[in-house]
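Given next are the chains, with one letter for each unit.
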Amino acid sequence: MPERVCAGCGTVCDDVTVDLTTLRVEPQCPLAERWFAAQTAAGPAATAAGEAVDLDTAVQRAAALLGDSRRPLLRIAGATVETASAAIALAEALGAVIDAGGGSAAVALRGASTATFGEIRDRAQVVVVWHADPETTHPRLLERLRLPAGGRTLIVVDEQDTPTATRADLHLRLPGGVEPLMEFDAALLGEAPNAAFLHALDGRAELALHELVRRLNGARHVTTLRLGDPRGADDTLAWQTGYAGTVDLGSGHPEPAGRIAPDVEVRVESAAIAVADVVIRTAFGGTVHRMDGIPLTMHAVADRPAADSILARLREAL
């Protein structure tokens with residue numbers, strides 16, 4: 001069987017083989033099994049109000065809902081670059097708010113010292129996992145980073161006994177929040193010239209982590225990797241609008257969006273596009289960005305319309 005790319009989590013493994021009949025995945029990963037199951041699940045091509053309809057009818061009904069909307073919202077987290085581009089074009093036509101699900105206020109404010117999987121694997125002698133559990137959320141990540149192995153040190157900071165903590169060379173039971181980051185003892189990194197922090201922080205805690213990394217970089221090279229979903233949609237939104245996360249296009253130019261109360265919501269999911277009660281099943285293919293920013297090309301595993309083509313049709317039908 002040919003190797004496939006899996007977008008079941010932000011690791012975006014590109015060495016997966018899967019039997020699409022039995023959904024047996026190698027190497028084994030529960031997130032990959034669920035993701036490929038969603039891609040190949042049987043069902044009608046489109047539904048409206050729960051009833052099966054043909055594709056043209058579904059597109060026209062969805063376009064009518066959007067055309068009558070005063071405050072639409074498009075959610076595109078996890079979408080491919082091509083699908084995100086088509087969604088941004090649709091949002092511009094509608095004057096809608098578009099939410100790519102990611103975006104880091106801390107990075108936007110202060111920047112970040114980042115690294116790819118390969119750089120962490122080959123250079124970081126100490127890796128600190130800060131209040132995250134990649135063994136659960138990204139099951140093959142530590143394997144990809146070759147941790148713990150080869151004389152390198154894995155430190156886990158977490159109050160809980162997580163699956164990741166059980167693999168650690170050192171488990172520090174420190175609480176979450178800003179203060180433990182401000183008081184982090186650099187001596188824990190020893191004499192290592194290179195170190196990396198893996199985290200899933202946001203807000204003030206993420207800012208505190210970046211400040212810690214700036215301080216530590218005075219004596220060594222320290223990087224961060226933010227654990228999350230594939231980030232192609234957010235990268236595309238930032239590239240095309242100048243803002244990441246959530247962007248309001250209602251005024252005719254991009255602006256950071258606050259909380260809104262949409263009257264119609266478009267959800268671009270991994271295997272479908274949903275506009276209110278209209279659901280159109282789609283194939284997932286195109287360019288995906290791993291959570292470290294590396295682009296990978298995915299080939300669809302289902303014989304369905306591409307998500308970007310459906311979004312383009314919705315725009316044309318307005």
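Our structure is the block above this text.
These numbers come from a predicted model, not from an experiment.

Colleague: Summarise the pattern of salt bridges; cite the residues concerned and give the values.
Modeller: Throughout the structure, instances matching the rule amount to 16 salt bridges. Between Arg267 and Glu269 there is a salt bridge, and its shortest N-O distance comes to 3.2 Å. Taking the relative accessible area as the measure of exposure, Glu269 reaches 40% and is therefore partly exposed. Linked through salt bridges whose partners overlap, the residues forming this network are Asp15, Arg140 and Glu143.

Colleague: Hey, could you go over the packing of helix 3 (residues 81–94) against helix 11 (residues 307–317) for me, with residue numbers and the actual values?
Modeller: Between helix 3 and helix 11, the least distance of the axes is 8 Å, while the angle of their chain directions is 15 degrees. Overall, the two elements helix 3 and helix 11 adopt an arrangement that is roughly parallel. In this structure, helix 3 meets helix 11 at a crossing whose hand is left-handed. Each of Glu82, Thr83, Ala86, Ala87, Ala89, Leu90 and Ala93 in helix 3 lies in contact with helix 11, whose residues at this interface are Ala307, Asp308, Leu311, Leu314 and Arg315. Classifying every residue of the contact of helix 3 with helix 11 by side-chain character gives eight nonpolar, one polar and three charged.

Colleague: Summarise the pairing of strand 10 (residues 194–199); cite the residues concerned and give the values.
Modeller: Most of strand 10 sits out of view: six of its six residues are buried. Residues Asn194, Ala196 and Leu198 of strand 10 are buried on one face, and the alternating residues Ala195, Phe197 and His199, pointing to the opposite face, are buried as well. With five bridges connecting them, strand 7 (residues 126–130) and strand 10 associate as parallel partners. Following the sheet pairing, Trp130 is matched in strand 10 by His199. Of the pairings in the sheet, the one linking strand 10 to strand 11 (residues 221–226) comprises six bridges and is parallel in character. The residue bridging Asn194 from the neighbouring strand is His221, located in strand 11. Viewed along the sheet, the connection from strand 10 through helix 9 (residues 203–216) into strand 11 turns out right-handed.

Colleague: Go over the packing of aromatic side chains with me, naming the residues and quoting the values.
Modeller: As enumerated under the stated definition, the model contains five aromatic pairs in all. With a centroid separation of 5.1 Å and 85 degrees between ring planes, the pair formed by Trp35 and Phe36 is classed as edge-to-face. For the pair Phe184 and Phe197, a centre-to-centre distance of 5.7 Å together with 70 degrees between the ring planes defines the contact as edge-to-face. Here Phe184 is found in the loop between helix 8 (179–182) and strand 10, whereas its partner Phe197 is found in strand 10, with 13 residues between them in sequence. The same class applies to Phe184 and to Phe197, which are both buried.

Colleague: Provide a residue-level description of the side chain of His289, including the pertinent values.
Modeller: In this structure, His289 sits in strand 17 (residues 286–289). The exposure class assigned to His289 is buried, which follows from its relative accessible area of 16%. At 2.7 Å, the side chain of His289 and the side chain of Asp235 are in polar contact. When neighbours within four sequence positions are excluded, His289 is seen to be in contact with Val12, Val81, Pro230, Arg231, Gly232, Asp235, Ile294 and Pro295.

Colleague: Let's hear about the environment of Leu174: which residues, and what values?
Modeller: Looking at where Leu174 falls in the secondary structure, it is placed in the loop between strand 9 (170–172) and helix 8. What makes Leu174 partly exposed here is its relative accessible area of 30%. Along the backbone, Leu174 and Val157 are 17 residues apart, and their C-alpha atoms lie at a distance of 6.1 Å. With residues up to four places along the chain from it excluded, the contact list for Leu174 reads His131, Val157, Asp158, Glu159 and Pro180.

The rules behind each value
- Residues numbered from 1 in each chain as written.
- Predicted model: local features only at pLDDT ≥ 70, side-chain atom pairs only at ≥ 80, totals over all residues.
- Heavy atoms only, no water.
- Salt bridge = Lys/Arg side-chain N within 4 Å of Asp/Glu carboxyl O.
- Buried < 20%, exposed > 50% of the residue type's maximum accessible area, 1.4 Å probe, protein only.
- Axes fitted to C-alpha atoms, helices over the stretch in contact; angles between N-to-C directions.
- Helix = DSSP H or I, 4+ residues; strand = E, 2+ residues; numbered from the N terminus.
- Parallel < 35°, antiparallel > 145°, perpendicular 65-115°, else oblique.
- Left-handed = near helix turned anticlockwise from the far one by under 90°.
- Contact = heavy atoms within 4.5 Å.
- Nonpolar A, V, L, I, M, F, W, Y, C, P; charged D, E, K, R; others polar.
- Pairing = 2+ DSSP bridges.
- Right-handed = clockwise from strand over helix to strand, strands pointing away.
- Phe/Tyr/Trp six-rings, centres within 6.5 Å; stacked < 30°, edge-to-face > 60°.
- Polar contact = N/O pair within 3.5 Å; in protein donor to acceptor, adjacent residues only side chain to side chain.

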